[in-house]
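Residue-level listing of the chains:
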Amino acid sequence: MRLHRKSVHRGQLQIAETLVSVSLILVLALLLINATNQALEPYSDLTSLDLSATDILTNADEVGLLRPVIYLFGDSRYETNFTAYQNLLNDYISTIIPESIGYALIAHEILNGSINPEYNLLIGSPTDIGALQQGGEGTVANYHLGSFTSSDFGRFSTQYLVQLYLWEKI
C-alpha cells in the first residue's frame, strides 16, 4: 500500500490557512484595543498623536499594507494593485484614529544617504501638508523603509522616509 503525498500538501495548506487566520485575528484585536483606548481617552495633546502615528506606521508595515503603497506608487504596471492597497491603508488609518484627527501620508526617496526634499503624496491633500510643514499645529512620525520584496511585484531596493502627519481638525 502506498501513501499519497497529497495529504502532506493538504497539511501544509491547512497550516498556511491557520497562520493567515491568526494574523487577521491579531490585526482585528489591535484595532479593537485601539478603538477602545480612543473611546476612553480622547486626544488632548500632540504627544499622544505622535505615539499613535508611530504605532500606525509600524502596524501597517507589519500587516503588509504600507510597503506596497510606497513602492508601487507611480508604477503603471501595478496601478490597480496600488489603488487597492492605498484604499486598504486609508481604511486602516481611518478606523484607528477618530474623525476629529486629520492625517496625510507622504514618502521621500533617500538618494545617496540624503533625503530628497520632493515627496510623493500618498494619502491626504497638498494643502494640509503645506500648512503643517509651514508650522501648523500637528505631529509627524517618521518611518524608514529600506527595501521591498514581493513574489507578486518583484524586488525594490529604493529607500524611503515615510512620514505620517496627524493633526486635530478645527
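Residues numbered from 1 in each chain as written. Predicted model: local features only at pLDDT ≥ 70, side-chain atom pairs only at ≥ 80, totals over all residues. Heavy atoms only, no water.

Moving on, we get to the pattern of salt bridges. Taken as a whole, this structure holds 2 salt bridges when the rule is applied. A salt bridge links Asp61 to Arg67; the nearest nitrogen and oxygen atoms lie 2.8 Å apart. When its relative accessible area of 14% is taken as the criterion, Asp61 is described as buried. We classify Arg67 as partly exposed; its relative accessible area is 22%. Asp75 is the partner of Arg77 in a salt bridge, and the nearest nitrogen-oxygen pair spans 2.7 Å. The exposure class assigned to Arg77 is exposed, which follows from its relative accessible area of 59%. (Salt bridge = Lys/Arg side-chain N within 4 Å of Asp/Glu carboxyl O. Buried < 20%, exposed > 50% of the residue type's maximum accessible area, 1.4 Å probe, protein only.)

It is worth spelling out the sheet that holds strand β2 (residues 114-123) at this point. Consider a sheet: its strands pair through backbone hydrogen bonds, and that pairing is either parallel or antiparallel. A sheet is described by the order of its strands in space; here 4 strands give the open sequence β2-β1-β6-β3, paired in antiparallel fashion. Among the strands making up the open sheet, the edge pair consists of β2 and β3 (139-145). Each adjacent strand pair in this sheet contributes to an overall mean axis angle of 25°, direction not counted. In the sheet, strand β1 (residues 101-111) pairs with β2 via 6 bridges, with the strands oriented antiparallel. Of the residues in β2, the one forming a bridge with His108 is Tyr119. Where helix α4 (residues 79-96) meets the sheet, its contacts fall on β1, β2 and β6 (159-168), and the angle it forms with β2 comes to roughly 85°. (Pairing = 2+ DSSP bridges. Helix = DSSP H or I, 4+ residues; strand = E, 2+ residues; numbered from the N terminus. Axes fitted to C-alpha atoms, helices over the stretch in contact; angles between N-to-C directions. Contact = heavy atoms within 4.5 Å.)

In terms of burial, β1 is a largely internal element, 9 of the 11 residues being buried. Inspection of the sheet shows β1 paired to β6 by 10 bridges, in the antiparallel sense. Directly across from Ile106, in β6, lies its bridge partner Gln163. Between β1 and β2, which follow one another and run antiparallel, lie 2 residues, and Asn112 among them has a positive phi close to 50°.

Take the environment of Ala104 next. Here Ala104 lies in strand β1. Taking the C-alpha atoms as reference, Ala104 lies 5.8 Å from Leu164; in sequence the two are 60 residues apart.

For the coordinates displayed, the defined rule picks out 8 aromatic pairs. Ring centres of Tyr71 and Tyr160 lie 5.2 Å apart, and the angle between their planes is 85°; this geometry places the pair in the edge-to-face category. Linking Tyr71 in helix α3 (residues 66-72) with Tyr160 in strand β6, this pair joins segments that are 89 residues apart in sequence. As far as burial versus exposure is concerned, Tyr71 and Tyr160 are alike and both buried. Geometrically, the ring pair formed by Tyr85 and Phe153 is edge-to-face, given 6.3 Å between the ring centres and 80° between the ring planes. Here Tyr85, found in helix α4, pairs with Phe153, found in the loop between β4 (148-150) and β5 (154-156); they are 68 residues apart in sequence, far enough to count as distant. Tyr85 sits in the partly exposed class, given a relative accessible area of 24%. The structure contains a cluster of three or more aromatic residues connected by ring pairs, namely Tyr71, Tyr78, Tyr85, Phe148, Phe153, Phe156 and Tyr160. (Phe/Tyr/Trp six-rings, centres within 6.5 Å; stacked < 30°, edge-to-face > 60°.)

On the secondary structure map, Ala107 appears in strand β1. In this structure Ala107 comes out as buried when scored by relative accessible area, which is 2%. Taking the C-alpha atoms as reference, Ala107 lies 7.4 Å from Leu122; in sequence the two are 15 residues apart. Residues contacting Ala107, with those up to four places away along its chain left out, are Ile70, Tyr119, Asn120, Leu122, Tyr160, Leu161 and Val162.

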